[in-house]
Amino acid sequence: MFFEQFRVQKQTPEGNMDTQYIYELLGENASYYIAASFALLWILVWLYRDSLEIENLSDKYVFVTGCDTGFGNLLCKKLDRRGFRVLAGCLTEKGADDLKRVTGPHLKTVLLDVTSQSSIQAAMEWTKKEVGDRGLWGIVNNAGRSLPMGPSEWMRVEDFHSTLKVNMNGVIAMTMTFLPLIKKARGRIVNVASVLGRVAANGGGYCISKFAVESFSDCLRRDISYFGIKVCIIEPGFFKTAVTNLDPIERELHRLWNQLSPEVKASYGEKYLDNYIKIQRLIMNAVCDSDLTKVTSCMEHALTAAHPRTRYSAGWDAKLLWIPLSYMPSFVVDIGLKLVLPRPSKSV
Ligand SMILES: NC(=O)c1ccc[n+]([C@@H]2O[C@H](COP(=O)([O-])OP(=O)(O)OC[C@H]3O[C@@H](n4cnc5c(N)ncnc54)[C@H](OP(=O)(O)O)[C@@H]3O)[C@@H](O)[C@H]2O)c1
């Protein structure tokens with residue numbers, strides 16, 4: 001419509017000479033040049049908006065879960081260095097002591113098991129006293145576990161539940177319990193999902209839990225945006241942490257295999273487990289990134305940007321493989337995984 005008007009203006013005898021001159025100068029491709037200029041302008045405005053930061057970090061409290069190791073641990077150190085008042089939820093006393101030893105006096109730790117409502121409630125009461133009238137600026141729901149992972153048929157119902165209890169119920173319980181404190185500060189909820197919450201590539205509770213984190217966060221974001229609260233989702237690719245450590249993953253695969261009935265074992269064949277482990281090792285060693293700052297920088301942006309993004313994908317595998325794959329038809333993922341994974345010996 002806009003371009004049509006542009007052409008009409010050029011064709012009228014009394015039309016503006018300048019417009020006609022510009023049009024002739026640009027030639028037949030004028031509409032493309034104008035569209036490209038708009039796109040460039042949009043990108044520049046987006047980049048500028050994305051770079052704007054909030055002020056007075058030292059007045060702001062952030063609660064992080066699962067701070068004993070991995071992303072949570074590194075994030076606490078980084079937020080502490082930037083001047084935030086960090087409240088670190090650790091599962092173990094050792095984790096809490098180790099973290100306190102390497103951080104400043106403003107970082108405080110509390111023991112927290114996200115599978116226990118009484119532990120969550122106690123952490124919330126403690127946080128309420130710490131933050132006072134200011135409320136809680138941010139909560140980072142980072143605590144998680146990945147095991148057991150493997151072929152779906154090898155799981156017992158309890159195997160699904162053990163992961164869902166931490167990664168799904170834990171995130172929901174933490175968020176709902178801390179919400180009044182966040183509402184007070186018009187703060188941020190940062191939920192750690194995964195690329196496996198976009199593409200279900202593994203059996204067990206992990207992918208299910210991360211899909212749940214995605215949908216919980218989407219619903220929450222839409223429902224509480226009216227109160228100035230922002231909900232962000234972090235979608236890391238594969239990184240070298242305890243969650244992707246091959247030793248426990250393989251130990252769990254052996255445990256699952258050993259609990260199978262002779263009939264189920266026979267349908268997969270004796271070589272299946274070894275082949276599965278070999279392929280998994282190959283893939284994990286190829287894709288796991290050791291630079292955890294790619295993830296913590298996303299978390300930091302979600303907490304410090306004036307306009308945080310809804311989703312953050314961290315890592316080259318997330319950006320180039322998993323996220324594009326998540327937009328493709330299911331059969332593409334089905335075929336891809338079939339080509340990579342071993343075939344059970346009695347497959348039809
Ligand atoms: N690494 C990856 O490739 C990757 C990719 C996508 C998403 N993620 C997600 O990133 C988050 C952090 O994981 P990570 O990779 O940094 O692994 P990690 O080092 O194992 O961190 C997870 C932390 O959560 C803690 N935790 C486990 N169960 C808990 C519970 N019931 N209550 C409180 N804390 C608990 C763990 O404590 P213990 O060490 O004492 O068990 C650990 O400190 C998880 O949500 C994970 O799913 C990781």
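Each value, and the rule that gives it
- Each chain has its residues counted from 1, running along the sequence as written.
- Local features in a predicted model are, by the rule used here, given only for residues with pLDDT of at least 70; side-chain atom pairs are given and counted only at 80 or more, and totals for whole chains, interfaces and linings are based on all residues.
- UniProt positions are given in the numbering used here, feature names are shortened, and annotations may be inferred rather than shown by experiment.
- Any residue whose C-beta atom, as set from the backbone, lies within 6 Å of a molecule or strand is reported as near that molecule or strand.
- The way it works is that DSSP assigns letters per residue, a run of H or I at least four long becomes a helix, a run of E at least two long becomes a strand, and they are numbered from the N terminus.
- Only Asp, Glu, Lys and Arg are considered charged in this grouping, and only Ala, Val, Leu, Ile, Met, Phe, Trp, Tyr, Cys and Pro are considered nonpolar; every other residue, Gly among them, is considered polar.
- Between the first and last residue of a helix there are one fewer steps than residues, each counted as 1.5 Å, and that sum is the expected span.
- To sort residues by burial, count the other C-beta atoms lying within 10 Å of each one's C-beta; a count of 20 or more means buried, 12 or fewer means exposed, and anything in between means partly exposed. C-beta atoms are built from the backbone.
- The directions from the helix axis to the C-beta atoms are what the arc is built from.
- Two residues qualify as being in contact provided that their C-beta atoms, derived from the backbone, are within 7 Å of each other.
- We call two strands paired when DSSP finds no fewer than two bridges between them.
- To get an axis, a line is fitted to the C-alpha atoms, and for a helix only the part in contact is used. The angle between two axes follows their N-to-C directions and goes from 0 to 180 degrees.
- When buried Ala, Val, Leu, Ile, Met, Phe, Trp, Tyr and Cys residues are joined through C-beta atoms within 7 Å, the set is termed a nonpolar core.
- Each domain's extent was defined by an automatic or database domain assignment.
- A crossover counts as right-handed when, viewed with the strands pointing away from the observer, the path leading from the first strand over the helix to the second turns clockwise.
- For classification purposes, an angle smaller than 35 degrees is called roughly parallel, one larger than 145 roughly antiparallel, one from 65 to 115 roughly perpendicular, and anything else oblique.
- Helix crossings are classified by the rotation of the near helix relative to the far one: an anticlockwise turn of less than a right angle makes the crossing left-handed, while a clockwise turn makes it right-handed.

Where an unreviewed UniProt entry is consulted, the chain appears under the name Retinol dehydrogenase 5 (11-cis/9-cis), with the organism given as Poecilia formosa. The UniProt entry for the chain carries the following text under Sequence similarities (unreviewed entry): "Belongs to the short-chain dehydrogenases/reductases (SDR) family."

Engineer: How should I be thinking about the site of the ligand in this particular structure?
Structural biologist: Around the ligand, a shell composed of 28 residues is seen, among which Gly66, Gly70, Ala143, Gly144 and Thr241 lie nearest. When residues in the shell around the ligand are grouped by element, the largest group, three residues, is from helix α4 (residues 70-82). The class makeup of the residues in the shell around the ligand is twelve nonpolar, 13 polar and three charged.

Engineer: Quick question: what am I supposed to make of helix α6 (residues 117-131) here?
Structural biologist: Under the 1.5 Å per step criterion, the end-to-end length of α6 is 21 Å for 15 residues, consistent within 8% with the ideal 21 Å. Within the sequence span of α6, burial applies to Ile120, Ala123, Thr127 and Val131. Buried residues along α6 cover an arc of 65 degrees about the axis, so they all sit on one side. Projecting away from the buried face of α6 at angles above 90 degrees are the exposed residues Ser118, Gln121, Glu125 and Lys129. Buried residues belonging to α6 abut β1 (61-64), β2 (85-90), β3 (108-111) and α7 (157-185). Count one or two residues on from α6 and you reach glycine 132, which has phi positive near 60 degrees.

Engineer: I'm lost on the sheet that holds strand β6 (residues 188-192) in this one. Help?
Structural biologist: Whether parallel or antiparallel, the strands of a sheet pair through hydrogen bonds between backbone atoms. Read across the open sheet, the seven strands follow the order β3-β2-β1-β4-β6-β8-β9; overall the sheet is parallel. Each edge of the open sheet is held by one strand with a lone partner, namely β3 and β9 (311-314). Shown here is a sheet whose adjacent strand axes are inclined to one another by a mean of 15 degrees, direction ignored.

Engineer: Got a minute to help me understand the nonpolar core in this structure?
Structural biologist: In a soluble, globular protein the nonpolar side chains are often hidden away together inside. The biggest cluster of nonpolar side chains holds 63 residues, and the ones touching the most others in it are Val62 and Ile234. Residue contributions to this core peak at seven residues, all from α7. Excluding residues within four positions of it along the chain, isoleucine 234 makes contact with Val190, Val192, Ala193, Val295, Cys298, Met299, Tyr312 and Ala314. Of all hydrophobic cores here, the second largest spans five residues; its members include Trp154, Leu253, Leu256 and Leu273.

Engineer: Sorry, what's going on with unusual backbone geometry here?
Structural biologist: Both trends apply: most residues other than glycine have a negative phi, and most peptide bonds are in trans. Omega for the bond connecting leucine 147 with proline 148 falls within 30 degrees of zero, at -5 degrees, which places this linkage in the cis form. By secondary structure assignment, the location of proline 148 is in the loop between β4 (138-141) and β5 (149-150). At asparagine 56, a residue that is not glycine, the phi angle is positive and equals roughly 55 degrees. Of note, asparagine 56 is situated in the loop between α3 (30-51) and β1. Backbone geometry at arginine 186 places phi at a positive 50 degrees, although glycine is not the residue there. With respect to the secondary-structure elements, arginine 186 resides in the loop between α7 and β6. Among the residues examined, arginine 186 registers 12 C-beta atoms within 10 Å and is labelled exposed.

Engineer: In this structure, what is going on with the domain arrangement of the chain? I would like to understand it.
Structural biologist: We note that the domain assignment places domain 1 (2-50) and domain 2 (53-340) within the chain. Just the C-alpha atoms count here: the centres of domain 1 and domain 2 sit 46 Å apart.

Engineer: Is there a simple way to think about the pairing of β2 in this case?
Structural biologist: In the case of a regular strand, side chains alternate between the two sheet surfaces. With six of six residues buried, β2 is to be regarded as a mostly interior element. Going residue by residue along β2, you find Arg85, Leu87 and Gly89 tucked away on one face and Val86, Ala88 and Cys90 tucked away on the opposite face as well. Once the chain exits β1 it traverses α4 before rejoining the sheet at β2, and the crossover so formed is right-handed. Taken together, β2, helix α5 (residues 93-101) and β3 form a β-α-β motif whose crossover is right-handed.

Engineer: Is there a simple way to explain the packing of helix α9 (residues 246-258) against helix α11 (residues 272-287) in this structure?
Structural biologist: Axis angle and axis distance: for two packed helices, these are the angle between their axes and the distance between the axes, and together they describe the pair. At a minimum axis distance of 11 Å, the contact between α9 and α11 shows a crossing angle of 160 degrees. By the angle between their axes, α9 is roughly antiparallel relative to α11. Crossing handedness for the pair α9 and α11: right-handed. Along the contact surface, α9 presents Leu246, Glu250, Leu253 and Trp257, while α11 presents Leu273, Tyr276, Ile277, Arg281 and Met284. Of the residues that constitute the contact of α9 with α11, the class distribution is seven nonpolar, no polar and two charged.

Engineer: Can you walk me through the pairing of β1 in this structure?
Structural biologist: A two-sided burial pattern is seen for β1, the buried positions comprising Tyr61 and Phe63 on one face and Val62 and Val64 on the other. Of the strand pairs in this sheet, β1 and β2 are connected by four bridges, and their pairing is parallel. Among the inter-strand pairings, phenylalanine 63 is bridged to a residue of β2, identified as leucine 87. Pairing of β1 with β4, which is carried by three bridges, proceeds in the parallel orientation. Considered in β4, the bridge of phenylalanine 63 is made with isoleucine 139.

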